[in-house]
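Results of the structural survey
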Amino acid sequence: MKILVATEKPFAKVAIDGIRQIVEAAGCELILLEKYTDVSQLYDAVADADGLIVRSDKVTAEVVAHASKLKIVVRAGAGYDNLDLAACSAKGIVAMNTPGQNSNAVAELALGMMLFMARNHFQPGTGTELKGKTLGIQAYGNVGRLVAQLAKGFGMDVLAFDPFVPADKMVAEGVTPITDLKELYRRSNYLSLHIPANEQTKKSINYDLLSVMPKGACLVNTARKEVIHEEDLMRVMEERPDFKYVSDIAPDSLAALQEKFGTRVFATAKKMGAETAEANVNAGLAAANQVVGFLKEGVDRFRVN
Ligand code: 3PG
């Protein structure tokens, strides 16, 4: 059986070595398609694959249509908004993610981006400290929890909003649960987003929320660009010369935002939250084990469709 790793943004070599070991130990063949520049390369490569491992690569209905033998696709990572689940399900293809495997890398980047903004992009001049500031966490999942712990290490007060997580779990971890989302924004000097992109969350970070943040507030996005209402973000930044936005996923309007607001806006050149050797190994090996486990034994833990 053939297992295709199709990554426009490749895994570290150490992760590929580990994936290869798992795949070959299971008697399967590893096919690598890295840094592809045209989706037709993915169409060709997936044609005779039994299993598929991707990162943020889009597995669209067209990709699925080209995959006549495909039984399983694993998104090596947390967010699976890049998978067309309906198309997979319609063809009997199991879809999975690897929750938690790259969370620490993303959490560390969130803190790094906060420091970067607090210290004026590491340029000369007087910055501010994280200590004593309030951090609001929207969605207390694998990444949100780690961000909370790191922030507490910096001496921040940490609040979190997550209707799916019991308040006593947050309290036990030294985090103050907030049940009203607007209240979270009202109280947070830094607001770190950890929500998935779906029909409920797209464009949900809007004027109503952003405009009530305290003076000097900074919105930190290591989640997805789609959750931001960009016109509203633009409006808040126009009205509030104190407001800052830092993101690991460049907004569609990045050029306009940077032209108008200069260093108050920063986006990484390419999404790098999960770009550590450790996260690549964790997520890549987990994905390989899940593909093999499903193809060989039908194990479907972490199935999302
Ligand atoms: C995720 O959802 O796991 C992260 O956004 C990582 O995405 P990447 O694999 O494209 O770096």
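Nothing here was measured: the structure is a model prediction, and the numbers come from that model.

**Topic: the nonpolar core**
One broad rule of soluble globular proteins: the nonpolar side chains tend to lie buried together. Among the nonpolar cores identified, the biggest contains 31 residues, and Leu193, Ile205, Leu210, Leu219 and Phe243 are the most heavily contacted of them. Elements represented by at least two residues in this core include exactly strand 7 (157-161), helix 8 (181-187), strand 9 (190-193), helix 9 (207-210), helix 10 (230-239), helix 11 (254-261) and strand 12 (265-267). No other element matches helix 10, which puts four residues into this core. Beyond its immediate stretch of four places on either side in the chain, Phe243 contacts Leu210, Met213, Ala217, Leu219, Leu233, Val236, Met237 and Arg264.

**Quick notes on the site of the ligand**
Near the ligand the following residues occur: Lys9, Arg55, Ser56, Arg75, Gly77, Ala78, Gly79, Asn102, Arg224, Lys271 and Ala274. Within the contact set of the ligand, an oxygen atom lies 2.6 Å away from a backbone nitrogen or oxygen of Ala78. A distance of 2.8 Å separates an oxygen atom of the ligand from a polar backbone atom of Gly79. Within the complex, 94% of the 320 Å² of free accessible area of the ligand lies under protein. The class makeup of the residues in the shell around the ligand is two nonpolar, four polar and five charged.

**Considerations on the domain arrangement of the protein**
As far as domains go, the protein holds domain 1 (2-101 + 276-297) and domain 2 (103-267). On a C-alpha basis, the centres of domain 1 and domain 2 stand 31 Å from each other. Contacts between the two partners involve eight residues from domain 1, matched on the other side by five residues from domain 2. Of the roughly 470 Å² buried between domain 1 and domain 2 on both sides combined, carbon and sulfur atoms contribute 44%. Contact with domain 2 buries area across many residues of domain 1, yet Asp81, Gly100 and Thr276 alone supply 66% of it, more than any other trio. For the interface between domain 1 and domain 2, the tally reads one salt bridge.

**Observations regarding the side chain of His194**
As for its placement among the helices and strands, His194 is situated in the loop between strand 9 and helix 9. Only 2.7 Å separates the side chain of His194 from the side chain of Ser192, close enough to count as a polar contact. Look past the residues within four positions of His194 in its chain and what remains in contact with it is Ile137, Gln138, Ala139, Val143, Gly144, Val147, Thr222 and Ala223.

**Brief notes about the packing of helix 10 against helix 11**
At a minimum axis distance of 11 Å, the contact between helix 10 and helix 11 shows a crossing angle of 5 degrees. The angle between helix 10 and helix 11 falls in the class roughly parallel. Residues Leu233, Met234, Met237 and Glu238 of helix 10 form the contact with helix 11, whose participating residues are Ala256, Leu257, Lys260 and Phe261. In terms of residue class, the contact of helix 10 with helix 11 is made up of six nonpolar, no polar and two charged.

**Focus on the state of the cysteines**
Across all of its chains, the model carries zero disulfides by this definition. Between Cys88, a free cysteine, and Cys28, which holds the nearest cysteine sulfur, the sulfur-to-sulfur gap is 19 Å. Taking the relative accessible area as the measure of exposure, Cys88 reaches 0% and is therefore buried.

Criteria and thresholds
Residues numbered from 1 in each chain as written. Predicted model: local features only at pLDDT ≥ 70, side-chain atom pairs only at ≥ 80, totals over all residues. Heavy atoms only, no water. Core = buried A, V, L, I, M, F, W, Y, C linked by side-chain atoms within 4.5 Å. Buried < 20%, exposed > 50% of the residue type's maximum accessible area, 1.4 Å probe, protein only. Helix = DSSP H or I, 4+ residues; strand = E, 2+ residues; numbered from the N terminus. Contact = heavy atoms within 4.5 Å. Near = heavy atom within 4 Å. Polar contact = N/O pair within 3.5 Å; in protein donor to acceptor, adjacent residues only side chain to side chain. Areas by Shrake-Rupley, 256 points an atom, 1.4 Å probe, with all protein chains shown as cover. Nonpolar A, V, L, I, M, F, W, Y, C, P; charged D, E, K, R; others polar. Domains from an automatic or database assignment. Buried area = accessible area lost by both parts, 1.4 Å probe. Salt bridge = Lys/Arg side-chain N within 4 Å of Asp/Glu carboxyl O. Axes fitted to C-alpha atoms, helices over the stretch in contact; angles between N-to-C directions. Parallel < 35°, antiparallel > 145°, perpendicular 65-115°, else oblique. Disulfide = S-S within 2.5 Å.

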